[in-house]
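# Fold and geometry: a report
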Amino acid sequence: MHDASPRSGSMHESVEKYLGRADGAASVLAHARLLMRAQRAYDDFAPASLARSSGVANIKLGSVVIHADNGAVAAKLRQMAQTLAREFLKRGFECNGVVIKVQERPRATSGPAPTLKPLPPRAGAELQELAASLPDNSPLKRGLQDFLARVALREE
């Protein structure tokens, strides 16, 4: 194995060698590219309403794995599994079947982070009283104190 220390060559050089090896990251990169191509194809032929709520998760042993955001989408996709498999085949993917799993995909957050609305004075006062009545080592007391510190109390 190549030593990546500065005395034996640059770190960049050893990373490049690793990425170029057939048993290294090159196969991972090739698989990632395959998945990206499959996702683009899926977006082209799947009904738009379903494509927005699902996506290609993996391709292994000739099966295309699609993750659906919820059970309703998964049920519709399962009904279309043979059609989806044929569409992948038409586009040059090795596909002997489609597997549908329910797993919500991570979504990019859009817009500003939600802001906490000020508490009405009575609610704030009651929460402060509750926090004061709890033992000092209580996790609930610390949680209430942190919450009250973040939320501005509004005047009536």
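Fair warning: this is a prediction, and the values are worked out from it, not measured in the lab. (Residues numbered from 1 in each chain as written. Predicted model: local features only at pLDDT ≥ 70, side-chain atom pairs only at ≥ 80, totals over all residues. Heavy atoms only, no water.)

## Remarks on the pairing of strand S1 (residues 54–60)
To keep it simple, the criterion reads: Any two strands between which DSSP finds at least two bridges are classified as paired. Counting from the N terminus, the helices are the DSSP runs of H or I reaching at least four residues and the strands are the DSSP runs of E reaching at least two.
Both S1 and strand S2 (residues 63–68) contribute to a ladder of six bridges, which runs antiparallel. Among the inter-strand pairings, Ile59 is bridged to a residue of S2, identified as Val64. Hairpin remark: S1 followed by S2, antiparallel, with two residues in the connecting loop; positive phi at Leu61, about 50°.

## Observations concerning unusual backbone geometry
For Leu61, which is not glycine, the phi torsion reads 50° and is therefore positive. Its location among the elements puts Leu61 in the loop between S1 and S2.

## Section: the nonpolar core
Note the following rule: Side-chain atoms within 4.5 Å link the members of a nonpolar core, which is a set of buried Ala, Val, Leu, Ile, Met, Phe, Trp, Tyr and Cys residues. Whether a residue is buried, partly exposed or exposed follows from its accessible area with a 1.4 Å probe, protein chains only, as a fraction of its type maximum: under 20%, in between, or over 50%, in that order. Every residue pair with non-hydrogen atoms within 4.5 Å of one another is taken to be in contact.
Of all hydrophobic cores here, the largest spans 24 residues; its most connected members are Tyr42, Ile66, Leu77, Phe88 and Val98. With five residues, helix H2 (residues 25–45) is the largest single contributor of residues to this core. Other than its neighbours up to four places away in sequence, Phe88 contacts Ala38, Tyr42, Phe45, Val56, Val64, Ile66, Phe93, Cys95 and Val98.

## Overview of the confidence of the model for the protein chain
Test applied: Per-residue confidence from the predictor is given as pLDDT, running between 0 and 100.
Scored by pLDDT, the protein chain has a mean of 81; 72% of the residues are at 70 or more. Per-residue pLDDT, averaged within each element of the protein chain, yields its smallest value for helix H1 (residues 11–20) (60) and its largest for helix H5 (residues 81–90) (97).

## A closer look at the packing of aromatic side chains
We count it as follows: Working definition: rings of Phe, Tyr and Trp (its six-membered ring) pair if their centres are within 6.5 Å, and the pair is stacked with planes under 30 degrees apart, edge-to-face with planes over 60 apart, and tilted otherwise.
Under the definition given, this model contains four aromatic pairs. Here the aromatic rings of Tyr42 and Phe88 are separated by 6.3 Å at their centres, their planes lie at 5°, and the arrangement is stacked. In this pair, Tyr42 is assigned in helix H2 and Phe88 in helix H5, connecting sequence segments 46 residues apart. Each member of the pair, Tyr42 as well as Phe88, carries the same accessibility label: buried. Summarising the aromatic geometry, the rings of Phe88 and Phe93 are spaced 5.9 Å apart at their centres and angled 90° between planes, so their arrangement reads as edge-to-face. Residue class for Phe93 comes out buried when judged on its relative accessible area of 5%.

## Focus: the environment of Asn96
Topologically, Asn96 is positioned in the loop between H5 and strand S3 (97–102). Exposure remark for Asn96: the relative accessible area of 63% places this residue in the exposed category. For the pair Asn96 and Leu61, spaced 35 residues apart in the sequence, the C-alpha separation amounts to 8.7 Å. Beyond its immediate sequence surroundings of up to four residues, Asn96 is in contact with Leu61, Gly62 and Ser63.

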